[in-house]
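The residues making up each chain are set out below.
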Amino acid sequence: MTTYDFDAPVDRRGTWSVQWDGVADRFGVAGLLPFTISDMDFTSPPEVLAALRRRVDHGVFGYTDWRQDDFRSAVRHWFRSRYDTGIDTDHLVYAPSVLSQLSQLLRMWSEPGDGVVVHTPTYDGFRKAITGLGRELRGVPVGDPAALEAQLARPDSRVLVLCSPHNPTGRVWTEAELTETARLAESYGVAVVSDEIHADFVHRDFVAEGRRHLPWTRFGLGRWALITSATKAFNFPALSGSYGIIGDPDDHAAFVRRMETGEGLASPAVLSLTAHIAAYREGAAWLDALDTYVTGNLRLVEERLTAAFPEIGWRPPGAGYLAWIDLRPLGVGDDALQRELIDRERVAIMPGTTYGCEGFVRLNVGCPRAKAERGVDALVRALERLRVR
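The paragraphs below set out a description of the structure included in this document. What you see is a predicted model, and the numbers here were worked out from it, not measured in a lab. (Residues numbered from 1 in each chain as written. Predicted model: local features only at pLDDT ≥ 70, side-chain atom pairs only at ≥ 80, totals over all residues. Heavy atoms only, no water.)

1. Things to note about the packing of aromatic side chains
This is how it is decided: Each Phe, Tyr or Trp ring, with Trp reduced to its six-membered ring, pairs with another whose centre is within 6.5 Å; inter-plane angles below 30 degrees give stacked pairs, above 60 give edge-to-face pairs, and intermediate values give tilted ones. By the criteria applied, helices consist of DSSP H or I runs no shorter than four residues and strands consist of E runs no shorter than two, each listed in order from the N terminus. For the exposure calls, accessible area comes from a 1.4 Å probe over protein chains only, and a residue counts as buried if that area is under 20% of its type's maximum, exposed if over 50%, partly exposed in between. A ring is considered to have a charge above it if a Lys NZ or an Arg CZ atom is located within 6 Å of its centre and within 35 degrees of its normal.
On inspection of all chains with the given rule, the structure shows 19 aromatic pairs. When the centroid spacing of 6.5 Å and the interplanar angle of 75° are considered together, the rings of F234 and Y280 count as edge-to-face. Taken as a pair, F234 in the loop between β7 (224-228) and β8 (242-246) and Y280 in helix α10 (residues 270-282) lie far apart in primary sequence, 46 residues in all. Taken together, a centroid distance of 4.8 Å and an interplanar angle of 15° make the contact between W324 and F360 stacked. A residue pair is termed long-range when its members are at least 10 positions apart, and W324 in strand β9 (residues 322-326) and F360 in strand β11 (residues 360-364) qualify at 36 residues. In this pair, the class of W324 matches that of F360, namely buried. For R369, the ring lying beneath its charged end belongs to Y293, and the centroid distance is 4.3 Å. Positioned above the aromatic ring of F35 is the side chain of K371, whose terminal nitrogen or guanidinium carbon lies 4.8 Å from the ring centre.

2. Digging into the environment of I87
What counts, and what does not: Residue contacts are counted whenever heavy atoms from the two residues lie within 4.5 Å of one another.
Residue position: I87 is located in the loop between α3 (69-83) and β2 (92-95). Those residues in contact with I87 that lie beyond four places of it in its chain are V75, R76, F79, T217 and I245.

3. Some thoughts on the nonpolar core
Rule in force here: The definition of a nonpolar core used throughout is a set of buried Ala, Val, Leu, Ile, Met, Phe, Trp, Tyr and Cys residues joined through side-chain atoms within 4.5 Å.
Core analysis: the biggest nonpolar cluster contains 87 residues, and W216, F234, V301, I325, L337, L363 and L379 have the highest contact counts within it. Per-element tally for this core: the top contributor is helix α11 (residues 284-308), with nine residues. Not counting the four nearest positions on each side in its chain, V301 is found in contact with W314, A323, I325, L363, V365 and V376. With 27 residues, the next largest nonpolar core counts F126, V193, A225 and I227 among its residues.

4. So, α10
What counts, and what does not: Take the residue count of a helix, subtract one, and multiply by 1.5 Å to get its expected span.
Here α10 is 13 residues long and its end C-alpha atoms lie 18 Å apart, about the 18 Å a rise of 1.5 Å per residue gives. Within α10, burial applies to V270, S272, L273, T274, A275, H276, A278, A279 and Y280. Contacts made by the buried residues of α10 are with α2 (46-58), α3, β2, β8 and α11.

5. Here we look at the sheet that holds strand β3 (residues 115-120)
The condition that has to hold: Any two strands with at least two DSSP-identified bridges between them are counted as paired. Axes, fitted as lines to C-alpha atoms, cover a helix only where it is in contact. Angles between the N-to-C directions of the axes lie from 0 to 180 degrees.
Taken in spatial order, the seven strands line up as β2-β8-β7-β6-β5-β3-β4 in an open sheet, and their pairing is mixed. Unpaired on one side and paired on the other, β2 and β4 (136-141) mark the two borders of the sheet. Strand-to-strand twist across the sheet, computed as the mean angle between neighbouring axes with direction ignored, equals 25°. Direction of pairing for β3 relative to strand β5 (residues 157-163): parallel, over a ladder of four bridges. Bridging from a neighbouring strand, V117 pairs with L160 of β5. Contacts from helix α6 (residues 145-152) reach β3, β4 and β5, with the element oriented near 160° to β4.

Rendered as structure tokens:
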């Protein structure tokens, strides 16, 4: 049985890393220990690295076709083996990122001024894409079906952007919730774009309790698309690649036409295709081992927070390596906390305001345990000092 060393630190400084080298751009101070943007400090699976080396050694990087069966069959294999779900690969599309897919679908299915419904807190990439295209972002709290229906029922609501599992909360939607969401969207004529980039990271102990990710292909009614990528779970976002499944054949053809003509993106990045195929064919054991390790990090966060502030009542999420922490029971101001974290603790932790919610933080623990310990301990110390005041 292969073992993987997730404790080994990897020095990412000086590699143009947004999380490490770009920390001053967001926090105004260089050299902070970052727990920020959602990529991980682990190397990609050795199986993926080996496949990339073989492809690089070939030495020719000409125009490439993503429609070939090596890629399509790898995606089909992953959905069947991971989610017990069959897919029609004739409905696949390809794009540089899930956000580029989202932007193209918003152009197809809405007009400037139309409403786009999202759950709050909201991943900031969604907000930028929606408002940047001149659409009106309409937020509904996670877990509030009445608010969701009220926004979908508005006559100019055109698209629901569903994050499944949800970022930043890590919520895994139930079958009942997804069934009802599909029913409401069809009833009000609202298209659904389901971003499932975090789906591969639903925690195995959570699945063992009967909660698992269910792809939108099982629920899609009317106009819909599922958009996703292996880049999140297998940690190669800089290779730039994503794919989607679009339910309606005419919408599928329109999307491909737009990407290949208006966007000039007929040929994908070959290294991204190579990494996707290797991840889906050979990377499951690595991902399962990583999930166990990251679950340990999240339990560490739970233990430290519960010991210091039991009133928070924080529990690990169902998916992902992002700890979304509600600090409102402590009555600590957002600005004051950020100043403590930056100036005294020298760490960068994302404030909840980035996702439209005051009184929260998002702590990235996709990292070696020693770093995760430093992050949560810094957060606890900062909160303790502020509470004393």
